[in-house]
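# Structure at a glance
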Amino acid sequence: IQCDITDKDAITNVIDSNKIDVVVHLANSVDNDIDPYVTDAEMKKSKICDKFIYAAANKAEVRSFILLSTTAIYGVQKGREPIRETAPEKGNSNYADLKMTSEKIMQKEFKKSETRVAPIYDAEYTQNLRDRVFDAKENVAYIFNDGEYGFSFCCVFNLIDFINGIINVPSGRYEGIYNLADSRLITAKEIIDYEKEHHRIGAVIQKSPGMGLSINKGKMKTDYRYFDPSITFNNWNIDNTRAKRIAPFRWTLSNTK
């Protein structure tokens, strides 16, 4: 069935009319349903969708319900400890608020799994990687020093393996929040080299930390893709220990080719 995410009748009819074992709720996600600019309209549509899809799944006694959330909920974390599921929720963007609302509505309806996924990529889709090394205003890639700093991302195949791990072990019981991210950070240098190898990036400017780039702190509120370079060296290390009990997280930037 293909329909708008606010089409309550179409979506609930699918759940009511079929024996559904598992629902994987990917709607209202950047890179999937909505574009990078998340406004009040997108937040309202998401909330409407969440309320009726959770209620329908609960009524139909769906065995497993998995919500695709985001590590953006954690926001910018201080310190160097890995960001675990219990870390403070400091996200201050519309997208983080949208997904946090989805989580809270879900927790009210029933206890199931919430997957906070780091920005995804695969061999061809690397937009989320580029966002960390590209100044869109100046239309140029940049790197600080030698680019040995990194960020957490999630190969889409690791996400698929995790979902399959829950679906294919019906006797298991999975509740609460799981961080989904590759087991190691991807460095800025690796992103630059990968994009150069595939001829998707041009000149790269080398800068020293503290040197000016185009910064618009207010834009981060609504624009999912905007990255403030002044927070480059904050803690982006998402801990996936809990999720690795279900899936091996074997995919990396180097073996998705």
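Here's what I pulled together on the structure shown here. Quantities reported herein were computed from a predicted structural model and do not represent experimental measurements.

### A few points about unusual backbone geometry
Not every positive phi belongs to a glycine, and D31 is a case in point at roughly 75 degrees. By secondary structure assignment, the location of D31 is in the loop between β1 (22-25) and α2 (40-59). Given a relative accessible area of 30%, D31 falls into the partly exposed group.

### Quick look at the state of the cysteines
Considering all chains together, one arrives at zero disulfides under this definition. Among the cysteines around C49, which has no disulfide bond, C3 carries the closest sulfur, lying 8.8 Å off. On the accessibility criterion, C49 (1% relative accessible area) is buried.

### A look at the nonpolar core
Within soluble globular proteins, side chains that are nonpolar generally end up buried alongside one another. Y121, L129, F153 and I186 are the most contacted members of the largest nonpolar core, which totals 22 residues. Setting aside anything within four residues of it in sequence, one finds F153 in contact with A118, P119, Y121, N128, L129, R132, A181, D182, I186 and I191. If you look at the next biggest cluster of nonpolar residues, it comprises 21 residues, including L68, Y178, A181 and I246.

### Considerations on empty space enclosed by the protein
Applying the stated criterion across every chain yields a total of one cavity of 30 Å³ or more. Around the largest cavity, the lining residues are P36, V38, S93, N94, Y95, M220, K221, T222, D223 and Y224.

### Considerations on the sheet that holds strand β2 (residues 64-70)
Pairing is parallel in the open sheet, where four strands are placed in the order β1-β2-β3-β9. The outermost strands of the open sheet, each flanked by one partner alone, are β1 and β9 (176-180). The sheet shows a mean angle of 20 degrees between the axes of neighbouring strands, taken without regard to direction. The sheet contact formed by β1 and β2 spans four bridges and is parallel. Across the sheet, V22 pairs through a bridge with S64, a residue of β2. Across the sheet, helix α5 (residues 156-167) lies against β1, β2, β3 (113-117) and β9, angled at about 160 degrees from β2, the strand it touches most.

### Some words on the pairing of β1
Covered by surrounding structure in β1 are V23 and H25 only, the residues V22 and V24 on the alternate face being uncovered. Taken together, β1, α2 and β2 constitute a β-α-β crossover, and its handedness is right-handed.

### Focus on the packing of α2 against helix α3 (residues 94-109)
Contact geometry of α2 with α3 gives a least axis separation of 10 Å together with a crossing angle of 20 degrees. Classified by the angle their axes make, α2 and α3 are roughly parallel. The two elements α2 and α3 meet at a crossing, and its hand is right-handed. Of the residues in α3, those touching α2 at E42, M43, S46, K47, D50, K51, Y54, A55 and N58 are N94, D97, L98, T101, S102, I105, M106 and E109.

### What to know about the packing of aromatic side chains
According to the stated counting rule, one finds 13 aromatic pairs in the structure shown. Ring geometry for Y54 against F65: centres 5.3 Å apart, planes inclined by 75 degrees, an arrangement best described as edge-to-face. Here F65 lies in strand β2 and Y54 lies in helix α2, a separation of eleven residues in the sequence. Summarising the aromatic geometry, the rings of Y95 and Y224 are spaced 5.2 Å apart at their centres and angled 80 degrees between planes, so their arrangement reads as edge-to-face. Placement of the pair is Y95 in helix α3 and Y224 in the segment after β11 (204-207), with a sequence separation of 129 residues. By relative accessible area, Y95 is classed as buried at 6%. Three or more aromatic residues joined by ring pairs make a cluster, and in this case those are Y142, F144, Y149, F151, F153, F227, F233 and W236. The side chain of R132 reaches across the aromatic face of W236, ending 5.8 Å from its centre.

Parameters and conventions
- Residues numbered from 1 in each chain as written.
- Predicted model: local features only at pLDDT ≥ 70, side-chain atom pairs only at ≥ 80, totals over all residues.
- Heavy atoms only, no water.
- Helix = DSSP H or I, 4+ residues; strand = E, 2+ residues; numbered from the N terminus.
- Buried < 20%, exposed > 50% of the residue type's maximum accessible area, 1.4 Å probe, protein only.
- Disulfide = S-S within 2.5 Å.
- Core = buried A, V, L, I, M, F, W, Y, C linked by side-chain atoms within 4.5 Å.
- Contact = heavy atoms within 4.5 Å.
- 1 Å grid on protein atoms, 1.4 Å probe; cavity = no way out; pocket = protein on both sides within 12 Å on 5 of 7 lines; lining within 4 Å.
- Points joined across faces, edges and corners; volume = space filled by probe spheres on them.
- Pairing = 2+ DSSP bridges.
- Axes fitted to C-alpha atoms, helices over the stretch in contact; angles between N-to-C directions.
- Right-handed = clockwise from strand over helix to strand, strands pointing away.
- Parallel < 35°, antiparallel > 145°, perpendicular 65-115°, else oblique.
- Left-handed = near helix turned anticlockwise from the far one by under 90°.
- Phe/Tyr/Trp six-rings, centres within 6.5 Å; stacked < 30°, edge-to-face > 60°.
- Lys NZ or Arg CZ within 6 Å of the ring centre and 35° of its normal.

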